[in-house]
Amino acid sequence: MKVAYFSMEIGLNENIPTYSGGLGILAGDHIKSAADLNVPLVAVTLLYKRGYFVQSINPLGQQEETYPYFDPRAFMEQLPFKVTLKLEGRDLHISVWKYTQVGLTGKVPVYFLDTDLPINAPEDRLITQYLYGGDQHTRICQEKVLGIGGYLALKRLEPGVTTYHMNEGHAAFLTLALLKDMDGNEEKTRDKCIFTTHTPVPAGHDKFHYDMAEEVLGDYLPSNIRSLAGEDLLNTTLLALNLSRAANGVSELHGEISRRMFPGFDIGHITNGVHHLSWTGREFKELFDRHVPTWRQQPQALKGALNIPTDEIREAKLSAKKRLISYVNSATGAGFSHELLTICFARRATAYKRTTLTFKDMEYLTNLSFDRVQFIFAGKAHPQDGAGKELIKEIVNTGRQYEKQLRLVFIPNYTIWLASLMTRGTDVWLNTPRRPREASGTSGMKVCFNGGVNMSVLDGWWREVCRSRINGWAIGDDEDQTDEEAANDLYQDLDDLVTTYYANPKQWLAIMKNSIADVTPVFNTHRMVTEYLRTYYL
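First, a word on scope: everything that follows refers to the structure included in this document. Just so it is clear, the model here is predicted, and its values are computed rather than measured.

### Points about unusual backbone geometry
A cis amide bond links Arg-435 with the next residue in sequence, Pro-436, at an omega value of 5°. Turning to its location among the elements, Pro-436 is positioned in the loop between strand E17 (428–431) and helix H16 (443–448). One non-glycine residue with positive phi stands out, namely Glu-88, at about 50°. With respect to the element layout, Glu-88 can be found in the loop between strand E5 (77–87) and strand E6 (90–102). Given the relative accessible area of 31%, Glu-88 is considered partly exposed.

### A few points about the nonpolar core
Leu-341, Ile-376, Met-422, Met-455 and Trp-508 are the most contacted members of the largest nonpolar core, which totals 85 residues. Looking at which element gives the most residues to this core, the answer is helix H18 (residues 483–503), with eight residues. Within the second largest apolar cluster, 63 residues are counted, among which are Leu-85, Tyr-111, Val-216 and Leu-234.

### Comments concerning the environment of Phe-195
Tracing the backbone through its elements, the reader meets Phe-195 in strand E9 (residues 193–196). The class of Phe-195 is buried, set by a relative accessible area of 1%. Remark: the alpha-carbon pair of Phe-195 and Val-44, spanning 151 residues in sequence, is separated by 15 Å.

### Some details on the packing of aromatic side chains
One pass over the full model with this rule turns up 20 aromatic pairs. Ring plane angle 65° and centroid distance 5.3 Å describe the contact between Phe-288 and Trp-295, whose orientation is recorded as edge-to-face. One exposure class covers both Phe-288 and Trp-295, and it is buried. Aromatic rings pair up to connect Tyr-52, Phe-53, Tyr-67 and Tyr-130 into one cluster. Sitting above the plane of the Phe-53 ring, Lys-380 keeps its charged end 4.9 Å from the centroid.

### Re helix H9 (residues 252–261)
All of the buried residues along H9 are Leu-253, His-254, Gly-255, Ile-257 and Ser-258. On the buried face of H9, the contacting elements are strand E12 (246–249), strand E13 (267–269) and helix H17 (462–465).

Criteria and thresholds
Residues numbered from 1 in each chain as written. Predicted model: local features only at pLDDT ≥ 70, side-chain atom pairs only at ≥ 80, totals over all residues. Heavy atoms only, no water. Helix = DSSP H or I, 4+ residues; strand = E, 2+ residues; numbered from the N terminus. Buried < 20%, exposed > 50% of the residue type's maximum accessible area, 1.4 Å probe, protein only. Core = buried A, V, L, I, M, F, W, Y, C linked by side-chain atoms within 4.5 Å. Phe/Tyr/Trp six-rings, centres within 6.5 Å; stacked < 30°, edge-to-face > 60°. Lys NZ or Arg CZ within 6 Å of the ring centre and 35° of its normal. Contact = heavy atoms within 4.5 Å.

Structure below.
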């Protein structure tokens, strides 16, 4: 068995800017657990010399983007060969870089594809410059490089691949390369591929006009492409579903939504997880090492966290929290205190995540939280998402407008490093998506490995484990709720949460312990990768 894992973005560490958010972090954690578990897996992605972007906030509260150059030579080796494709009548040359992810018992090679070569036409050098930064033509070219270029690279570098795992529809064109290699035999192609979808809304699935697809993909397009990918537009998700032996969503609810979106396909689910060794802070690593010594190899053993002395959990959490508050104060001058209840909200700024739901009733919020709660926000808006940028501006300006009544800061440039700091240090992780738009989510899982508590809409993974007021808080359970109704539920939960934190510390510590014991044994990528192995890879 050998698995080839294809993903448009992969987040391995904060120094390699080839990720934008959840999809990339999930891919990186998948690879790390595969290395830990010695699963025979290789990975393919694109090398973005300008990455996603570095975010800053100007004096008006507006997001600004910069794209510093990334030199990969400090992190990976450039292999001495190139892949060549035809692109609109000219040769496109692709260089391959190799990074090795070392795990507890094995290694996973990660191959990065790069078109920024002097031999290429100037416009072709830009194909792999920016992650999610171009127009539709750039996107389809990137997906050709990933799917077809990656397939051809692996034919030379990693012969004997038995399963191609497409992480989202961006990699779907590898099915066309396989189909061509197998003389159009769809059954043989299907037998080689599995597909994971992460998108519960139609707009999130890539679609291309066939005129553009014919120009870019050329003779890789089979004559029956419309029966495989859609009659009017080439839908990469539909193509991947039609040419895969198995498909899955990334939570139980997302599996249900995906089956409704694509009727007639047998779409299962494997709920996402996080790489526990990457996201657990040093305080809780030391704590778990003392009391649950097998947790590094067997995170399911953390169900024994209920037996850890309460005082030790409290002290570990306080130490991590002090580090977060120290950074916030040095970066913003906010004057936050480690003695106050700290709530973090950090994720991509986009409409369905309802970043500013907390602000629906500012009078109620300020009365509830004054000198008791401090809020830390972070997250990037896509450079072309004007509405998302307005959400960030509203957060920043709300913090300024209510400076005397509300402790609130926005920390720019949400990265793996900042995510680690926040998920380790926060008391509460807030999540307010419009259900069922959150396919899974993973950031809240990281909080549980560090003694934090979730307060979230019952969407994605949280719906599967939440015991409200026992291991966290649930915000509503109605898909038809208006934002005003959801905000009212949120305020009620906030009121209960704040009261519990200050008036009943014994109960709060019990909720912290349940958060660890209920979530961490299951919602980790060791369990997730093992499930892929048993269900789809073998």
